[in-house]
Amino acid sequence: MIVNKTLRLAVDANAIDSPGSMASLSQGAELLRQGGTVAFPTETVYGLGANALDQAAVQAIFEAKQRPSWDPLIVHVVNQKQLGTVAVDIPDKGRLLMEAFWPGPLTLLLPKGPRIPAIVTAGRTRVGVRMPRHPVARRLIELAGVPVAAPSANSFGRTSPTRAEFVLEDLDGRIDAVIDSGDATLGLESTVVDVCDEPPILYRPGMVTLQQLQSLCPSLIAYREPRDGVSGPRASPGIGMKHYSPRARLLLLENAEKLFSLAAELHAAGERVGVMLPALLAGEGPYLIYEWGDLEDPEKLARRLFAGLRELDAAGATVIVCPMPENYGLGVAIRDRLLKAAR
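This section reports on the structure supplied with the text.

Definitions and limits used
- Residues numbered from 1 in each chain as written.
- Predicted model: local features only at pLDDT ≥ 70, side-chain atom pairs only at ≥ 80, totals over all residues.
- Heavy atoms only, no water.
- Phe/Tyr/Trp six-rings, centres within 6.5 Å; stacked < 30°, edge-to-face > 60°.
- Helix = DSSP H or I, 4+ residues; strand = E, 2+ residues; numbered from the N terminus.
- Buried < 20%, exposed > 50% of the residue type's maximum accessible area, 1.4 Å probe, protein only.
- Core = buried A, V, L, I, M, F, W, Y, C linked by side-chain atoms within 4.5 Å.
- Contact = heavy atoms within 4.5 Å.
- Pairing = 2+ DSSP bridges.
- Arc of directions from axis to C-beta.
- Polar contact = N/O pair within 3.5 Å; in protein donor to acceptor, adjacent residues only side chain to side chain.
- Axes fitted to C-alpha atoms, helices over the stretch in contact; angles between N-to-C directions.

Scanning the model with the defined rule gives 3 aromatic pairs in all. Here the aromatic rings of Trp70 and Phe156 are separated by 6.1 Å at their centres, their planes lie at 80 degrees, and the arrangement is edge-to-face. Taken together, the positions of Trp70 in the loop between helix H2 (55-65) and strand E4 (74-76) and Phe156 in the loop between strand E7 (148-149) and helix H7 (164-171) put the pair 86 residues apart, joining distant regions of the chain. Look at Trp70 and you get partly exposed, because its relative accessible area is 30%.

In this structure, Leu83, Leu97, Leu106, Leu108, Leu110, Val193 and Leu213 are the most contacted members of the largest nonpolar core, which totals 45 residues. For this core, the secondary-structure elements that each account for two or more residues are strand E3 (46-51), H2, helix H3 (80-86), helix H4 (92-101), strand E5 (106-111), helix H5 (118-121), strand E6 (126-130) and H7. Per-element tally for this core: the top contributor is H2, with 5 residues. Among all residues touching Leu108, those that are not within four sequence positions of it are Gly94, Leu97, Met98, Trp102, Val127, Gly128, Val129, Val193 and Val195. One finds Leu186, Leu288, Ala307 and Leu330 within the second-largest nonpolar core, a separate group that totals 28 residues.

Glancing now at the sheet that holds E3. Two orientations exist for strands paired in a sheet by backbone hydrogen bonds: parallel and antiparallel. Spatially, 11 strands are ordered E1-E8-E2-E3-E7-E4-E6-E5-E9-E10-E11 in an open sheet, and the strand pairing comes out mixed. For this open sheet the edge positions go to strand E1 (7-10) and strand E11 (221-222), each flanked by a neighbour on one side alone. Relative to E7, E4 runs antiparallel, the two being bridged by 2 bridges. Each residue of the ladder has a partner; that of His76, found in E7, is Val148.

Okay, helix H9 (residues 259-268) next. An α-helix turns once every 3.6 residues. As a result, residues three or four positions apart point the same way. Along H9, the residues that are buried comprise Leu259, Phe260, Leu262, Ala263 and Leu266. Take H9 and look down its axis: the buried residues cluster within an arc of 155 degrees, on one side only. Relative to its buried face, H9 has exposed residues pointing more than 90 degrees away, namely Glu265 and Ala268. Buried residues belonging to H9 abut strand E12 (249-253), strand E13 (273-278), strand E14 (288-293) and strand E15 (319-323). Positive backbone phi, at 95 degrees, marks Gly270, one or two positions downstream of H9.

A few words on the environment of Leu262. Take Leu262: it is sitting in helix H9. Look past the residues within four positions of Leu262 in its chain and what remains in contact with it is Leu251, Leu253 and Val321.

A few words on the side chain of Thr159. Secondary-structure assignment places Thr159 in the loop between E7 and H7. Separated by 3.3 Å, the side chain of Thr159 and the backbone oxygen of Ser245 make a polar contact. Discounting chain neighbours no more than four positions away, the residues touching Thr159 are Asn154, Tyr244, Ser245, Pro246, Phe306, Leu309 and Arg310.

What follows deals with unusual backbone geometry. Here the amide bond leading from Trp102 into Pro103 is cis, since omega sits at -10 degrees, within 30 degrees of zero. Structurally, Pro103 is set in the loop between H4 and E5. Note the cis peptide between Glu198 and Pro199, where omega equals 5 degrees. Considering the arrangement of structural elements, one finds Pro199 in the loop between strand E9 (191-194) and strand E10 (201-204). The phi angle at Asp89 is positive, at roughly 50 degrees, despite the residue not being glycine. For Asp89, the location among the structural elements is in the loop between H3 and H4. For Ala122, which is not glycine, the phi dihedral falls at a positive 55 degrees. Secondary-structure assignment places Ala122 in the loop between H5 and E6.

Taken in spatial order, the 4 strands of this open sheet run E12-E15-E13-E14, and their pairing is parallel. Whereas interior strands pair on both sides, the edge strands pair on one side only; in this sheet they are E12 and E14. Looking at each pair of strands side by side, their axes are set apart by 20 degrees on average, direction ignored. The sheet contacts of helix H10 (residues 298-314) involve E12, E13, E14 and E15, and relative to E14 the element is tilted by about 165 degrees. On top of the sheet, helix H11 (residues 330-342) reaches E12, E14 and E15; it is set at about 135 degrees to E12, its chief contact.

Put into structure tokens, the structure is as follows:
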């Protein structure tokens, strides 16, 4: 899918009611109403939005991203009226989690309403729904007046974008507009939970952790991907075996202390080595360095993860070495993204 030009519309999240910000948001909302594709910031990553009730508009998302039709989308809503258009017969556990975590980075799989085209859910009877917290996302969807289907705004399988410039790296000339409002604040895609069955299933870890969810839904369990891959329609967004990938090979280490010895071996073999460098780890060499953050500070690691992979890619790394955070709390979500990106 080719468009004449991808508009870059600036919005100041701290001055959202200013004339310039409102002009950009109004233009983006009008594009959505007309069936266009608009990338926009959420608190997680930038999403590529289209009117979730318009089959042709949603098809344009798949074409722009080169996303396979078996991979379902998440629909974003900002109020109960929009929620009622998207989902029906919402289970009590769904209401409980909405009250605790909405608006915010939690997607719930719910029974699909009849107005949602089958393309949104890859033919399944359940639809992923989220109420974003980011003020720019909320105002855009309010102005558009429709629920907005929006996967991450990148080419399929590539690293999710946390800045407008990263969106344009992948999709310039393939979408109608991107709303530029600076960096996404959290940096990882939403947690995804199916509340239609008992026990509820955590399909994708994210900023809302397993421990937080189990404090309200003790029976909730984490999905385990089959070892031989997944075929056919996905049960949920975000469970592809390979995803979030940089162009460079990505090598992961459980022991951060071995980072520079591995980097030296790779450099000696002729690789241009990028390093996702944790704080307090010293090392020197002819490497491309991205100052990632403290391994004990998972919020910062999450916020800077995808930007680091994209920046090292852009700098020309042929291989990226990255330490793994602890497999607990938010570290589970960071490890999930890294493991998928490294496949």
